[in-house]
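So the chains spell out like this:
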Amino acid sequence: MTPEKELEYRNALTMIVTAGQVILTHGGSALDAVTEAVRLLEENPLFNAGKGAVFTHNGTNELDASIMDGATLNAGAIAGVSHIRNPILAARAVMEHSNHVMFIGEGAETFARSQNIEMVEPDFYYTDARYEQLQRALLDQGVMLDHDAASLAVRNPQGDPIDPDKKFGTVGAVAIDNDGNLAAATSTGGMTNKQAGRVGDSPIIGAGCYANNRTVAVSATGTGEMFMRAVAAYDVSALMEYAGLSLEEAANRVVMEKLPAIDGRGGLIAVDSQGNVALPFNSEGMYRGVGRVGQPVEVDIYR
Ligand code: GLY
């Protein structure tokens, strides 16, 4: 790790959390705050979403995103897109301007075009760091048990604070606004060297994203298959609603007990209807930040 690289991540996180905080400070909605935070994360090549998304086994990029409104339980998602600059804007358009919750592939892109969402050529997503990450994954494939980037060899040529081959990098935001409305948004390029057509938890409502004003807003990052099998984001909400657990207890139960029991690695960010925040992870670290109106933004990487 170089101090310069760590500073780069910290500055990016601070800038992005601040952008969400400004929206909430001016009375904006939780939905607008999470949309803008995730859009900015997608624009930043440090993170595995939008520009800087990881490559599939075939050397392509297939992006997934989702958003959920805790006030109405409305939701929108797209999966397997390769020409949309900001997948989170397309997911929001699905939620607000279609009769459906999820579009995939070509149909998602056709819908996005009809909504005047900005389209790009696939090389827009390219970064040298992600390309090199794919080359390492391809070399190591013989020892990979699955398409879990965390099982790849440990190398850190870019000097990222968390080894780039061991972090998941899905981006997400959760927020509560002045009216007590909760929202969650999640976006990702998926996992390095994933099989073409593979979809993870990020665009699956209840797995990688969930929001309900009665309980909590959750966005997850990690080994998608296990988060889907655990229905991880919804499980936090269900533990709170039906078992009466606090946010901290519910989030820890899912991330520190239920996911590890099926070899699920990663973490989640969550805010409940009382404004409590939980950011548990069972991995080496998780790039994260919290902004409360009127208070300094806090960002962190390690435990
Ligand atoms: N958590 C992101 C993915 O598995 O695609």
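Everything below is about the structure shown above.
Everything numeric here is computed off the predicted structure, so don't read it as measured data. (Residues numbered from 1 in each chain as written. Predicted model: local features only at pLDDT ≥ 70, side-chain atom pairs only at ≥ 80, totals over all residues. Heavy atoms only, no water.)

### Notes on the packing of aromatic side chains
Link 1 in the chain: Applying the stated criterion across every chain, the model contains nine aromatic pairs.
Link 2 in the chain: Ring geometry for tyrosine 126 and tyrosine 131: centres 5.9 Å apart, planes at 40°, overall tilted.
Link 3 in the chain: With a relative accessible area of 39%, tyrosine 131 lands in the partly exposed category.
Link 4 in the chain: Among the aromatic residues, those joined into a cluster by ring pairs are Tyr9, Phe47 and Tyr287.
Link 5 in the chain: Lying over the aromatic face of phenylalanine 124, lysine 51 brings its terminal NZ or CZ to 5.5 Å of the ring centre. (Phe/Tyr/Trp six-rings, centres within 6.5 Å; stacked < 30°, edge-to-face > 60°. Buried < 20%, exposed > 50% of the residue type's maximum accessible area, 1.4 Å probe, protein only. Lys NZ or Arg CZ within 6 Å of the ring centre and 35° of its normal.)

### A look at the environment of serine 187
Link 1 in the chain: For serine 187, the location among the structural elements is in strand 5 (residues 182-188).
Link 2 in the chain: Of the residues examined, serine 187 reaches a relative accessible area of 0% and is grouped as buried.
Link 3 in the chain: On a C-alpha basis, the gap between serine 187 and alanine 220 in space is 9.7 Å, while along the polypeptide they are 33 residues apart.
Link 4 in the chain: When sequence neighbours within four positions are dropped, the list of residues in contact with serine 187 reads Val38, Glu42, Asn48, Ala49, Asp64, Ala65, Pro87, Thr170 and Val171.
Link 5 in the chain: Only 2.6 Å separates the side chain of serine 187 from the side chain of glutamate 42, close enough to count as a polar contact. (Helix = DSSP H or I, 4+ residues; strand = E, 2+ residues; numbered from the N terminus. Contact = heavy atoms within 4.5 Å. Polar contact = N/O pair within 3.5 Å; in protein donor to acceptor, adjacent residues only side chain to side chain.)

### Describing the sheet that holds strand 2 (residues 75-81)
Link 1 in the chain: Read across the open sheet, the five strands follow the order 3-2-1-5-4; overall the sheet is mixed. The open sheet has two edge strands, strand 3 (102-104) and strand 4 (171-176), and neither has a second partner. On average, each strand axis in the sheet is tilted by 5° relative to the strand beside it, whichever way the strands run.
Link 2 in the chain: For strand 2 and strand 3, the ladder comprises three bridges, and the chain directions are parallel. (Pairing = 2+ DSSP bridges. Axes fitted to C-alpha atoms, helices over the stretch in contact; angles between N-to-C directions.)

### Re the sheet that holds strand 9 (residues 277-278)
Link 1 in the chain: Read across the sheet, four strands follow the order 6-7-8-9 without closing on themselves; strand pairing throughout is antiparallel. Looking at strand neighbours, the two that pair on one side only are strand 6 (209-211) and strand 9, the edges of this open sheet.
Link 2 in the chain: Taken strand by strand, helix 7 (residues 232-243) contacts strand 6, strand 7 (216-222) and strand 8 (266-272), and its axis lies near 145° from that of strand 7.
Link 3 in the chain: Lying over the sheet, helix 8 (residues 247-261) contacts strand 7, strand 8 and strand 9, oriented at roughly 160° with respect to strand 8.

### Description of unusual backbone geometry
Excluding glycine, residues mostly have negative phi values, and the peptide bonds linking residues are mostly trans.
Link 1 in the chain: Residues other than glycine seldom take positive phi values, yet leucine 73 does so here, at roughly 65°.
Link 2 in the chain: By secondary structure assignment, the location of leucine 73 is in the loop between strand 1 (63-69) and strand 2.
Link 3 in the chain: Here asparagine 193, not a glycine, exhibits a phi torsion of approximately 70°, which is positive.
Link 4 in the chain: Of note, asparagine 193 is situated in the loop between strand 5 and strand 6.

### Thoughts on the site of the ligand
Link 1 in the chain: Taken together, the residues surrounding the ligand are Thr170, Gly190, Met191, Arg198, Gly200, Asp201, Ser202, Gly222 and Gly224.
Link 2 in the chain: In the environment of the ligand, a nitrogen atom lies 3.4 Å from a nitrogen or oxygen atom belonging to the side chain of threonine 170.
Link 3 in the chain: Burial of the ligand by the protein chains amounts to 99% of its free accessible area of 200 Å².
Link 4 in the chain: Within the shell around the ligand, the residues separate by chemical class into one nonpolar, six polar and two charged. (Near = heavy atom within 4 Å. Areas by Shrake-Rupley, 256 points an atom, 1.4 Å probe, with all protein chains shown as cover. Nonpolar A, V, L, I, M, F, W, Y, C, P; charged D, E, K, R; others polar.)

### Looking at the nonpolar core
Link 1 in the chain: Ranked by internal contacts, the top residues of the largest apolar core, which has 46 residues, are Val34, Phe47, Ile67, Ile78, Ile84 and Ile88.
Link 2 in the chain: At the level of secondary structure, the elements contributing two or more residues to this core comprise helix 1 (3-25), helix 2 (30-43), strand 1, strand 2, helix 3 (87-97), helix 4 (105-114), strand 4 and strand 5.
Link 3 in the chain: Here the element with the most residues in this core is helix 2; it accounts for eight residues.
Link 4 in the chain: Once you skip the residues sitting within four places of it in the chain, valine 34 turns out to touch Ile67, Ala173, Val174, Ala175, Ala183, Ala184 and Ala185. (Core = buried A, V, L, I, M, F, W, Y, C linked by side-chain atoms within 4.5 Å.)

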